[in-house]
Structure formats: structure tokens, C-alpha cells
Amino acid sequence: MELKIRQATLEDIPEITSVFRDTIRAINSKDYSEKQIQVWASGANDLDKWEDRIKNNYFIVAENEDRIVGFAYLKNGNYFDGLFVHKDYQRQGIAIKLMRIIESKVITNGYEIIKSDVSITALPFFEDQYYIVEKKQKKSFKGLVFENYIVYKEL
């Protein structure tokens, strides 16, 4: 697989939201209820929010043969706000490549610590990359409570 990493553009939104929705439905469904998955995946429909993320954050995509297979974005200089890899491209090193680029950007931004809120599903991956759980939390989103973790890593 030949992976190309580049800055996201507004034209990428349909593919990005498709990866977001499909990954949640296929991968996160083992750790969250059907209702939670429906509500979480519905975040793909908020196109204004995706446009804002691309315009105002460090937002990168991973492409294989001109198809977006993953994306990651950084908010406020050191908050790792999103990391998703297409359901058919899991466990191929894409998430690690995206993570390393995001971590490099945090260092370039002058921070020594990166933080993130990660799902139950993503926690083992982040722990394997030396992220430490700061705390387990329950977050409310569209009337449902989601369990996730605040993690950090010293860079």
C-alpha cells in the first residue's frame, strides 16, 4: 500500500464523513450500544462542524490510490481531537503514521504534552503508543452518556 498524507480540504468532507460514519458503525459497535452508535455516527451529518474542523484545525488525511483511508486532526496546538481509519484498512499502520505526524506538529507548536479523549475501542491502541490514562469519564452527547478516557503523552 502506498500511503500519501496531506492536509485535508473542504472537498474531502464527503469522504471524511463516510470514513467517520462507517468506522464507528463497524469498529466501535463492539464497545457501545446500538443507540450510542447511531447518535455518534450521526455526527457525520453536521457538515458545518466538519468544515470548521478543516478550516480551523491541523487536519490531515491518509490516502491510498486517491481514496481517503484515514484522517486525524489537532485542535488548540496540543489536543488530539480525532483519529479515524477506514474499517477496511485497520491494523495496517495508518493510525500510527497519522499519530506520529500529529505528535510532531504538537512538538513544533511548542508543547511537551499531547492530550486526547479516546473511546473504549481506541484505548488499547493509545496505551500501546505510551499514552497514559488521566481519567475515565462519562460524557453526555445528544442525550446519551458515553464512557471514554482522557489520555496524555509526554513528547
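Along each chain, numbering runs from 1 in the same order as the chain's sequence is written. With pLDDT at 70 or above as the cut-off, local features in this predicted model cover only qualifying residues; side-chain atom pairs require 80 or more to be listed or tallied, and sums for whole chains, interfaces and linings still use all residues. To obtain the side-chain values, all non-hydrogen atoms of the structure were used and water was disregarded.

Each helix is a run of DSSP H or I of at least 4 residues and each strand a run of E of at least 2, with the numbering of both proceeding from the N terminus. A count of helical and extended segments in the chain gives five helices and seven strands. N-terminal to C-terminal, the α/β element order of the chain is β-α-α-α-β-β-β-α-β-α-β-β. For the radius of gyration, the atoms used are the C-alpha atoms, and the globule rule reads 2.2 Å times the number of residues raised to 0.38. Against the globule reference of 15 Å for 155 residues, the chain gives a C-alpha radius of gyration of 15 Å, in line with a compact fold. On the principal axes, the C-alpha backbone points of the chain span a range of 35 × 35 × 30 Å. Residue exposure (1.4 Å probe, protein chains only): buried if accessible area is under 20% of the type maximum, exposed if over 50%, otherwise partly exposed. Among the 155 residues that make up the chain, the fraction classed as buried is 46%. All accessible areas in this document rest on Shrake-Rupley with a 1.4 Å probe, and a residue is counted as covered only by the protein chains that are shown. Carbon together with sulfur atoms contributes 47% to the accessible area of the chain, which is approximately 8500 Å² in total.

Right, let's get into the layout of surface pockets. Which parts of space are left empty comes out when a probe the size of a water molecule is rolled across the atoms. Estimates place the volume of the largest pocket at around 1400 Å³. The element that contributes the greatest number of residues to the lining of the largest pocket is strand β4 (residues 79–85), accounting for seven residues. For the lining of the largest pocket, the class distribution of residues is 21 nonpolar, 15 polar and 13 charged. Whether a set of points on the 1 Å grid over the protein atoms alone is a cavity depends on a 1.4 Å probe fitting there but being unable to get out, while an open set qualifies as a pocket with protein on both sides within 12 Å along at least five of seven lines; lining residues are those with an atom within 4 Å of a point. Grid points are joined across faces, edges and corners, and a volume is the space filled by probe spheres set on the points. Note on residue categories: nonpolar means Ala, Val, Leu, Ile, Met, Phe, Trp, Tyr, Cys or Pro, charged means Asp, Glu, Lys or Arg, and polar means any other residue, Gly included.

You can see Lys49 is positioned in helix α3 (residues 47–56). Assessed through its relative accessible area of 41%, Lys49 is described here as partly exposed. Considered as a pair, Lys49 and Arg100 are 51 residues apart in the sequence and their alpha carbons are 25 Å apart.

Like charges are joined within 9 Å and nonpolar side chains (Val, Leu, Ile, Met, Phe, Trp, Tyr) within 5 Å, but only among residues with over 30% relative accessible area and no salt bridge; these make up the patches. Any carboxyl oxygen of Asp or Glu within 4 Å of a side-chain nitrogen of Lys or Arg constitutes a salt bridge here. Residues scored as charged are limited to Lys and Arg (positive) and Asp and Glu (negative), so that His and the chain ends carry no count. Note on charges: their place is set at NZ of Lys, CZ of Arg, CG of Asp or CD of Glu. There is a patch of like negative charges on the surface, built from Glu2, Glu15, Glu65 and Asp66. We classify Asp66 as exposed; its relative accessible area is 66%.

Attention now moves to the packing of helix α1 (residues 13–26) against α3. Convention adopted: a line fitted to C-alpha atoms gives each axis, helices being fitted over their contacting stretch, and angles between N-to-C directions are expressed from 0 to 180 degrees. Contact geometry for α1 and α3: axes closest at 11 Å, N-to-C directions at 110 degrees. Comparing their axes, α3 and α1 come out roughly perpendicular. Contact residues: Ile13, Ile16, Thr17 and Phe20 in α1; Leu47, Trp50, Glu51 and Ile54 in α3. Note on angle classes: values under 35 degrees are labelled roughly parallel, values over 145 roughly antiparallel, values of 65 to 115 roughly perpendicular, and the remainder oblique. Residue contacts are defined here by distance: any two heavy atoms, one from each residue, within 4.5 Å place the two residues in contact.

Counting residues in hydrophobic clusters, the biggest one holds 24 residues, and the most contacted among them are Phe80, Leu83, Ile94, Ile102 and Phe126. Those elements that provide at least two residues to this core are β2 (58–64), β3 (67–75), β4, α4 (94–108), β5 (113–119), α5 (123–128) and β7 (144–154). If you tally residues by element for this core, the top one is α4, at six residues. Those residues in contact with Ile94 that lie beyond four places of it in its chain are Met1, Leu3, Ala62, Val69, Val85 and Tyr89. For the purposes of this section, nonpolar cores are sets of buried Ala, Val, Leu, Ile, Met, Phe, Trp, Tyr and Cys residues that join through side-chain atoms within 4.5 Å. In this structure, Ile16, Ile54, Phe84 and Phe146 belong to the second largest nonpolar core, which totals 22 residues.

Moving on, we get to the pairing of β7. Relative to β7, β5 runs antiparallel, the two sharing seven bridges. Residue pairing in the sheet places Val118 in a bridge with Tyr149 of β7. Where strand β6 (residues 132–141) and β7 come together, nine bridges link them in antiparallel fashion. In the sheet register, Lys135 faces β7, and the bridge partner there is Ile150. At least two DSSP bridges between two strands are needed for those strands to be called paired. Hairpin remark: β6 followed by β7, antiparallel, with two residues in the connecting loop; positive phi at Lys142, about 50 degrees.

A word on unusual backbone geometry. Although it is not a glycine, Tyr130 adopts a positive phi angle of roughly 70 degrees. Within the fold, Tyr130 resides in the loop between α5 and β6. In this model, Lys142 sits at a positive phi of 50 degrees, which is unusual for a non-glycine residue.

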